[in-house]
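As a plain string of letters, each chain reads:
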Amino acid sequence: MSAPFCMPVRVYIEDTDAGGIVYYVNYLKYMERARTEWLRQYGLTQKELLDRGVQLVVHHLSCRYAKPARLDDELQVSAQVVEHSACRLAFHQRVMARGEPLCEADVHIACVDATRLRPVRWPSALAEVLNG
């Protein structure tokens, strides 16, 4: 659907367990950052959406771990929109190191009213990005 957005992430000591291996939940944090930066490249921020009364929430996530990342590794984290509707987005995301996939996930995002937590249509600026 769209080209993957990709950003670098360095593994710091705080990301690892006692053995210097990235703790599993941190891959999801890296992916969250990539989705946030994907949005930012289009001039939109999570704060602006919240100010408009809209929140993006993870609705479903499927994750596969292949190899561990380690302390000081430089990772590439991607986010690619593979499907969208009036109020949902599906991303395919990868965390890679040295050209090898370490973790992959399919992440489904819902656009919800920040107060009622009910699905709403994308704000027009985001709808333009998705349909453009």
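Residues numbered from 1 in each chain as written. Predicted model: local features only at pLDDT ≥ 70, side-chain atom pairs only at ≥ 80, totals over all residues. Heavy atoms only, no water.

As annotated in an unreviewed UniProt entry, the chain carries the name 4-hydroxybenzoyl-CoA thioesterase/acyl-CoA thioester hydrolase and is attributed to Modicisalibacter xianhensis. Of the chain, the UniProt comment under Sequence similarities (unreviewed entry) reads exactly: "Belongs to the 4-hydroxybenzoyl-CoA thioesterase family." (UniProt positions renumbered as here; feature names shortened; annotations may be inferred.)

Trainee: Quick rundown of the sheet that holds strand β5 (residues 100-113)? Include the residues and the values.
Mentor: Reading across the sheet, the five strands line up as β1-β3-β4-β5-β2 and stay open at both edges, with antiparallel pairing between neighbours. The strands lining the two open edges of the sheet, one partner per strand, are β1 (5-10) and β2 (54-65). Each adjacent strand pair in this sheet contributes to an overall mean axis angle of 25°, direction not counted. In this structure, strand β3 (residues 74-84) lies alongside strand β4 (residues 88-97), joined through eight bridges in antiparallel fashion. Counterpart to Ala79 in the pairing with β4 is Gln93. Against the sheet, helix α1 (residues 24-40) makes contact with β1, β2, β3, β4 and β5, and its axis sits at roughly 60° relative to β3, the strand it touches most. (Pairing = 2+ DSSP bridges. Helix = DSSP H or I, 4+ residues; strand = E, 2+ residues; numbered from the N terminus. Axes fitted to C-alpha atoms, helices over the stretch in contact; angles between N-to-C directions. Contact = heavy atoms within 4.5 Å.)

Trainee: Give a description of the nonpolar core that names residues and reports values.
Mentor: Counting residues in each nonpolar core, the largest one holds 34 residues, and the members touching the most others are Trp38, Leu75, Val77, Leu89 and Phe91. Elements with a minimum of two residues in this core: β1, α1, β3, β4, β5 and α3 (124-131). Excluding its chain neighbours within four sequence positions, the residues that come into contact with Trp38 are Phe5, Ala79, Val81, Leu89, Phe91, Leu126, Val129 and Leu130. (Core = buried A, V, L, I, M, F, W, Y, C linked by side-chain atoms within 4.5 Å. Buried < 20%, exposed > 50% of the residue type's maximum accessible area, 1.4 Å probe, protein only.)

Trainee: Would you mind going over the packing of aromatic side chains in detail, with residue names and values included?
Mentor: The final tally for this structure, using the stated rule, is five aromatic pairs. With centroids separated by 5.5 Å and ring planes inclined at 75°, the aromatic side chains of Trp38 and Tyr42 adopt a geometry described as edge-to-face. Residue classification places Trp38 among the buried residues on the basis of a relative accessible area of 4%. For the ring pair Trp38 and Phe91, a centre distance of 5.2 Å and an interplane angle of 90° mean the geometry is edge-to-face. With Trp38 in helix α1 and Phe91 in strand β4, this pair connects stretches of sequence that are 53 residues apart. The residues Trp38 and Phe91 share a single accessibility class, namely buried. Through pairs of rings, three or more aromatic residues link up here, namely Tyr27, Tyr30 and Tyr65. (Phe/Tyr/Trp six-rings, centres within 6.5 Å; stacked < 30°, edge-to-face > 60°.)

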